[in-house]
Amino acid sequence: MLNPKCVHFLTLLISLLSLPSPTISQSSSLTNFLHCLHYGSDPMVSQSIYIASNPAFQTILQARIKNRRFLNPETLKPVAIVVPTHIDHVQGTVICAKDNGLQIRIRSGGHDYEGLSYRSNVTFIILDMSNFRSIDIDIKTETAWVQSGATLGELYYHIANKTNTHGFPSGVCPTVGIGGHFSGGGYGNLMRKYGLSVDNILDIIAVDALGNVHDRASMGEDLFWAIRGGGAASFAVVVSYKIKLVRVPNKVTVFTKGFTLEQGATDLVHKWQQIAPNINEELFIRVKLQPSFINGNQTVTVTFIGFFLGRREKLLPIISKTFPELNLTQQDCHEMRWVETTLFWAGFPIGTPIETLLNRTIWTPLFFKNKSDYVKNVIPKESLNKIWKMTMAMMDRNDINKTRFDLECSPYGGKMNVIPESNTPFPHRKGNLFLIQYSFSWIDEGNNVSFNNIEKLRKLYDGMAPYVSKDPRECFLNYRDLDIGSSRSNETSFDDAKIYGRKYFKDNYKRLTKVKASVDPNDFFKYEQSIPPIN
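This structure is a prediction, so every number in the text was calculated from the model and none was measured.

### What about the overall build of the protein?
1) Next: Helix and strand content of the protein: 16 helices and 18 strands.
2) Next: Relative to its length of 535 residues, the protein is compact, with a C-alpha radius of gyration of 23 Å against a globular reference of 24 Å.
3) Next: If you line up the protein on its principal axes, its C-alpha atoms span 70 × 55 × 45 Å.
4) Next: For the protein, buried positions account for 60% of its 535 residues.
5) Next: With an accessible surface of roughly 21,400 Å², the protein has 50% of that area assigned to carbon and sulfur atoms.
6) Next: Computed over 59 positive and 49 negative side-chain charges, the separation of the two mean positions in the protein equals 3 Å.

### Regarding the side chain of asparagine 508
1) Next: Here asparagine 508 shows up in helix 16 (residues 508–519).
2) Next: On the accessibility criterion, asparagine 508 (8% relative accessible area) is buried.
3) Next: Polar contacts involving the side chain of asparagine 508 include one to the main-chain carbonyl oxygen of threonine 424, which spans 3.1 Å.
4) Next: Not counting residues up to four positions away in its chain, the partners in contact with asparagine 508 are Trp225, Glu421, Ser422, Thr424, Pro425, Phe426 and Pro427.

### Quick look at the pattern of salt bridges
Pairing between side chains of opposite charge can happen when the charged atoms of each approach one another.
1) Next: Applying the stated criterion to the full structure yields 39 salt bridges.
2) Next: The partner of arginine 105 in a salt bridge is glutamate 528, with the nearest N and O atoms 3.5 Å apart. Of the two residues, arginine 105 is situated in strand 3 (residues 103–107) and glutamate 528 in the segment after helix 16; the sequence distance between them amounts to 423 residues. Glutamate 528 shares its class with arginine 105; the two are buried.
3) Next: We note a salt bridge from glutamate 408 to arginine 286, for which the minimum N-O separation is 3.6 Å.

### Side note on helix 15 (residues 494–505)
1) Next: Within helix 15, burial applies to Ala497, Tyr500, Gly501, Tyr504 and Phe505. An end-on view of helix 15 places all buried positions within 115° of arc, on one side of the element. For helix 15, the exposed residues lying more than 90 degrees away from the buried face are Asp495 and Lys498.
2) Next: Among the structural elements, helix 16 are those in contact with the buried residues of helix 15.
3) Next: Of the residues one or two after helix 15, lysine 506 is the one with positive phi, at around 50°.

### Points about the domain arrangement of the protein
1) Next: With domains assigned, the protein is organised as domain 1 (26–128), domain 2 (133–249 + 337–361) and domain 3 (252–336 + 362–464).
2) Next: Inter-centroid distance (C-alpha atoms) of domain 1 to domain 3 is 37 Å.
3) Next: The interface is formed by 8 residues belonging to domain 1 together with 13 residues belonging to domain 3.
4) Next: Here domain 1 and domain 3 share an interface that buries about 960 Å² over both sides, 51% of which is from carbon and sulfur atoms.
5) Next: It is Arg68, Arg69 and Tyr113 that lose the most area in domain 1 upon contact with domain 3, and together they represent 65% of the buried surface on that side.
6) Next: The tally of links from domain 1 across to domain 3 stands at 2 salt bridges.

### Quick notes on the state of the cysteines
1) Next: Taken as a whole and assessed by the stated rule, the structure comprises 1 disulfide.
2) Next: Each sulfur in the disulfide pair cysteine 36 and cysteine 96 lies 2.0 Å from the other. Across the S-S bond linking cysteine 36 and cysteine 96, the dihedral sits near -70°, which makes this disulfide left-handed. Of this pair, cysteine 36 sits in helix 2 (residues 24–38) while cysteine 96 sits in helix 4 (residues 87–99), placing them 60 residues apart in sequence.
3) Next: Judged by relative accessible area, which is 0%, cysteine 96 ranks as buried.
4) Next: Looking at the unpaired cysteine 173, the closest cysteine sulfur is the one in cysteine 409, lying at 19 Å.

### Points about the sheet that holds strand 10 (residues 237–244)
Strand pairs in the sheet, formed through backbone hydrogen bonds, run parallel or antiparallel to each other.
1) Next: Spatially, the 5 strands line up as an open sheet ordered 5-6-10-8-9, and their pairing is antiparallel. With one partner strand each, in any of the chains shown, strand 5 (135–138) and strand 9 (213–214) form the two edges of the open sheet.
2) Next: As paired elements, strand 5 and strand 6 (residues 143–147) share 4 bridges and run antiparallel to each other. Considered in strand 6, the bridge of aspartate 136 is made with tryptophan 145.
3) Next: Sitting on the sheet, helix 4 touches strand 8 (201–207), strand 9 and strand 10, and the angle it makes with strand 8 is about 55°.

### Structural notes on the UniProt feature "domain: FAD-binding PCMH-type" (unreviewed entry) in the protein
1) Next: What UniProt calls "domain: FAD-binding PCMH-type" (unreviewed entry) maps, in this numbering, to residues 74–248.
2) Next: Taken end to end, residues 74–248 comprises 25% helix and 25% strand; its first and last C-alpha atoms sit 47 Å apart.

### Let's talk about unusual backbone geometry
1) Next: Cis geometry marks the peptide bond from aspartate 471 to proline 472, where omega comes out at 5°.
2) Next: Note that proline 472 resides in the loop between helix 14 (447–463) and helix 15.
3) Next: Positive phi, normally seen in glycine, also occurs at glutamate 142, with a value near 55°.
4) Next: Residue placement: glutamate 142 occurs in the loop between strand 5 and strand 6.
5) Next: Although it is not a glycine, asparagine 327 sits at a positive phi angle of roughly 55°.
6) Next: Mapped onto the elements of the fold, asparagine 327 is located in the loop between helix 11 (312–322) and strand 15 (333–336).

### A closer look at the packing of helix 10 (residues 265–275) against helix 13 (residues 381–392)
1) Next: Contact pair helix 10 / helix 13: the axes reach a minimum separation of 10 Å and the direction vectors enclose 120°. If you check the angle between helix 10 and helix 13, you find them oblique. Of the two possible hands of crossing, helix 10 and helix 13 adopt the one that is right-handed. Note on element contacts: helix 13 touches helix 10 through Lys381, Leu384, Asn385 and Trp388, opposite Thr266, Asp267, Val269, His270 and Gln273.
2) Next: Its residues assigned to classes, the contact of helix 10 with helix 13 shows 3 nonpolar, 4 polar and 2 charged.

What counts and how
The residue numbering used here restarts from 1 in each chain and proceeds along that chain's sequence as written. It should be noted that, the model being predicted, local features are given only for residues of pLDDT at least 70 and side-chain atom pairs only at 80 or more, the latter also being counted only at that level, while totals for whole chains, interfaces and linings use all residues. Excluded from the side-chain calculation are hydrogens and water; included are all heavy atoms of the structure. Strands are runs of DSSP state E lasting at least 2 residues, helices are runs of H or I lasting at least 4, and numbering of each runs from the N terminus. We compute the radius of gyration from the C-alpha atoms alone; for a globule the expected value is 2.2 Å times N to the 0.38, where N is the number of residues. Categorising residues by exposure relies on relative accessible area from a 1.4 Å probe, with only protein chains included: less than 20% of the type maximum marks a residue as buried, more than 50% marks it as exposed, and the intermediate range marks it as partly exposed. The Shrake-Rupley method, run with a 1.4 Å probe sphere, supplies the accessible areas, and residue values consider only the shown protein chains as cover. Positive charges come from Lys and Arg, negative ones from Asp and Glu, while His and the chain ends are left out of the count. Positions of charges follow a simple convention, taking NZ of Lys, CZ of Arg, CG of Asp or CD of Glu. Throughout this description, a polar contact denotes any pair of N or O atoms lying within 3.5 Å of each other; where both atoms belong to protein, one of them has to be capable of donating a hydrogen while the other can accept it, and for residues adjacent in sequence the pair is counted only when both atoms sit in side chains. Contacts were defined at the residue level, with two residues in contact if any of their heavy atoms lie within 4.5 Å. For this document, the term salt bridge refers to a Lys or Arg side-chain nitrogen within 4 Å of an Asp or Glu carboxyl oxygen. Our arc is simply the arc of the directions from the helix axis toward the C-beta atoms. Domains are outlined according to an automatic or database domain assignment. Two parts placed together each lose some accessible area under a 1.4 Å probe, and the buried area is that loss summed for both. Defined by distance alone, a disulfide is two cysteine sulfur atoms within 2.5 Å. Two strands are counted as paired when DSSP detects at least two bridges linking them. Here, axes are lines fitted to C-alpha atoms. For helices the fit covers the stretch in contact, and angles between N-to-C directions go from 0 to 180 degrees. UniProt positions are given in the numbering used here, feature names are shortened, and annotations may be inferred rather than shown by experiment. Oblique is the label for every angle not falling under 35 degrees (roughly parallel), over 145 degrees (roughly antiparallel), or within 65 to 115 degrees (roughly perpendicular). Two helices crossing with the near one rotated counterclockwise from the far one by less than a right angle form a left-handed crossing, whereas a clockwise rotation gives a right-handed crossing. In this classification, the charged set is Asp, Glu, Lys and Arg, the nonpolar set is Ala, Val, Leu, Ile, Met, Phe, Trp, Tyr, Cys and Pro, and all remaining amino acids, among them Gly, are polar.

Written out as structure tokens, the structure reads:
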């Protein structure tokens, strides 16, 4: 039930309500929503609601939009943005939105590749969790409570402020929000040793569709299971996570080693596929492929990026025995604290101060489109040569300063082979050699530019079909992709949801629909790729 003290909204603010070209139903729904929030006596909440007439509305909206494709006049804007500072405000937003027929979109970092955390085709409100940034580290129990609006960089920084011998298995982009990253699975260069982010979550505080606050004990194991990798926005608003910290050495080792096709990259990638998923689980070697021009000639540059939980004197013999073709030397290897490797993996120069992890606006937003695939069988050399041709077709000489294409391959094996597919909704475990992320970004504006670039990526994706998983062609939820299927904004189609649901969750999809039916039978928490309630 809504706490009588949870919400206060000034009558003056309601009288100043002014939306661009509103429909009667929009104005009525929003006015009723604001009146609903007016019940109570907490003056702080009036500073947490932004409507179109507020001078700060556009700034708040755009502050966490990372994909410029959705910074255009055609993208429907929310009728209000709620930036809560207390869990009571989250409860009030859920209850009042539900009672007045308004959908909500839940945003933490704003990195959702398709912008589904801040856009929709129906009248909606953004629930922006960015003020929920508390991080409480307990080294004695090797745990931490982290709120969903914190970023990965903030988590890494706060861990490092307490200890040099602990870390957490999550992603490499420090500005990504905890809420979205964890709810989709969350992975990084520690996954071969410790699994995913969701494999190391011990407890969750969340608000359900009735506005009730739950922890793991009160929500039950089914809902706790569902929101660790099944997309929490289909089920509840996650406020905070209790996580299990993992142990790391005082010093770890990273390296990069680059090759072109002319320098034997094809043979190296072929060998990498065979050894990277089976090598020592403390070693993670990612492959990044990029079309490039060298001395006027087009080629593909292949970069091997490594992370090892130990010193280089232990790493080098492992590489020498299993992957001597890499020709890794002591000079290629850099030893540093675990927290410093998070900056290295984010692309910062070695020696960058760790305070950089606290910067939420490191990069300027770009236009981009991403896709994903899973590879289960070694791709033969002749097929790799076909892939190089498709990769080079992504870019011509005139595009070199305007577009960027990366094909990143992250190895599986180790802990990922041990954890059962049904342990969490994230099903992509044993049997996968590596995960592919296709990333295409550009700087030129215009709908035609975006359309043409997206079509290029789709053509490459279609061409990759013979070499990746099938029936279903699996995809990673954190790499959101509307091309694989979606529902309308205002109605989750069971038939459409089954298509994208199986690609994201495989056999776990059916259990997710049953959990949804038990905790949100009226489908309040919905969006374009949400889970429908099916008994």
